[in-house]
Every structure is written in structure tokens, then in C-alpha cells.
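Take a look at the letters that make up each chain.
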Amino acid sequence: MQLVNKTCTEYTQLLASKAAVPGGGSASALVGALGMALGTMVGSLTVGKKKYAEVEEEIKEIMVKAEDIQKELLHLVDLDAVNFEPLANAYSIPKDDPNRDAVMEEALRTACAVPMDIMRISAKAIELQRTFADKGSVVAISDAGVGVVACKAALQGASLNVFINAKAMKDSNYASSLEAEADAILNKYCPMADEIFDSVAKRLR
């Protein structure tokens, strides 16, 4: 499908349509990629400035990590759409088909895989945003704040796709393990993102 190669207008129009994909998972990955890109921009405006010479090497190191995260999330924009299609097809299987439950269960697991990855990667992105916000150029501090909000949105958005699909699973143990990991990530990184945002907001007022 190559969603990432579409224009912003094309992607949003497709997202707004009744097409099964892209959906919330794909959109969450894109939002996360944009948030991480904002962090990298803060880094770009920091390196090479005498005022930030002491932190330049640290900023360069996390910029490399941030660029990798951005690429991973952009990859997941498309992969989420690909992984959701089997589930969309499974729902059309007649309920009296003896293979329906097995096909549905596998499709639900597949549909949860990318959102879980989005959550894990967005958590890493939030950690990097702290350094961009704390040590990056003051002229771009608001962008670090916007970046961490976007990464938190990606995290929370992806979690909803995990929860809705896990809820439909027959394998309650597997579903519970997914929900437990998702909850653990949310409980740790949502407050962290809020703390970073608040620190940025206080410095701007």
C-alpha cells in the first residue's frame, strides 16, 4: 500500500474514508514518527552551537537513536495496515464455518503485534524527548514539548488497538499478557511524558 509515500492530503483522505485501512494503529505510528522528528529537529538546532558544546556529543548520540525510531515508526505506518487486513477478512467468514475461530484468533494476534511495537518504540521516543527538552536549544524547546505530546498520543492510541483486539481473543492467558505489558508501558511512560511537557510549559511561561 505504501501509505508513507502518499501526500498528507491523500493519507488523511484515505484515513477519513470507510476503507478498513489505514486506521488508528497506522495513524498512531505516524503521529509518533512526527513527534520523534520534532525531537530530532531540536537536536539539529543544538549541535554546532558554542553555547551547547558541552552536550553536543550526547545530543548527536540521541539524534542517531531518534532517527532510527522515526524510521521504525514510519515502517509501522504501513505494516499496521498490512497486519489488520487478515482480521478484516476474518470478520467476513460465516459464523458457522468450523475454521472461523482459529482464523480469527490468529488474525487478532497479528493485529495486536504492530500496536504493541508502536507502544514499545514510542516509550523509547519519550525517553529521548527528555534529553531534547532538558539539554536542547532553548529556541526550540516548544518543539520538544510538542514532540513528547505526539509520542504520548502514539503510545495511548496504539494501546487502544491492543486492548480492543485482546478483548476479542479466546486465549485469555495470551490476551492478559498483552494487556499487562500495555498497562505497564502506559503506567510508566504517560506520567513521564506529562512531566516532560510540564517542565517545558513552565519554562515558557
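First, a word on scope: everything that follows refers to the structure included in this document. (Residues numbered from 1 in each chain as written. Predicted model: local features only at pLDDT ≥ 70, side-chain atom pairs only at ≥ 80, totals over all residues. Heavy atoms only, no water.)

## Details of the nonpolar core
And then number 1: By size, the foremost hydrophobic cluster in this structure holds 58 residues, and its most contacted members are M119, I126, F132 and L155.
And then number 2: Where this core is concerned, the elements lending two or more residues are α2 (24-44), α3 (56-90), α4 (100-135), α5 (141-167) and α6 (172-203).
And then number 3: Here the element with the most residues in this core is α4; it accounts for 16 residues. (Core = buried A, V, L, I, M, F, W, Y, C linked by side-chain atoms within 4.5 Å. Buried < 20%, exposed > 50% of the residue type's maximum accessible area, 1.4 Å probe, protein only. Helix = DSSP H or I, 4+ residues; strand = E, 2+ residues; numbered from the N terminus.)

## As for α2
And then number 1: Along its 21 residues, α2 runs 30 Å from first to last C-alpha, staying within 8% of the 30 Å computed at 1.5 Å per residue.
And then number 2: Residues G25, S26, S28, A29, G32, A33, G35, M36, G39, T40, V42 and G43 constitute the buried set of α2.
And then number 3: On the buried face of α2, the contacting elements are α1 (8-16), α3, α4 and α5. (Expected span 1.5 Å × (residues − 1). Contact = heavy atoms within 4.5 Å.)

## Some words on the packing of α4 against α6
And then number 1: Between α4 and α6, whose axes approach to 10 Å, the crossing angle comes to 25°. Judged on the interaxial angle alone, α6 and α4 are roughly parallel. Our pair here, α4 against α6, has a crossing hand that is left-handed.
And then number 2: Grouping the constituent residues of the contact of α4 with α6 by class yields 16 nonpolar, 2 polar and 8 charged. (Axes fitted to C-alpha atoms, helices over the stretch in contact; angles between N-to-C directions. Parallel < 35°, antiparallel > 145°, perpendicular 65-115°, else oblique. Left-handed = near helix turned anticlockwise from the far one by under 90°. Nonpolar A, V, L, I, M, F, W, Y, C, P; charged D, E, K, R; others polar.)

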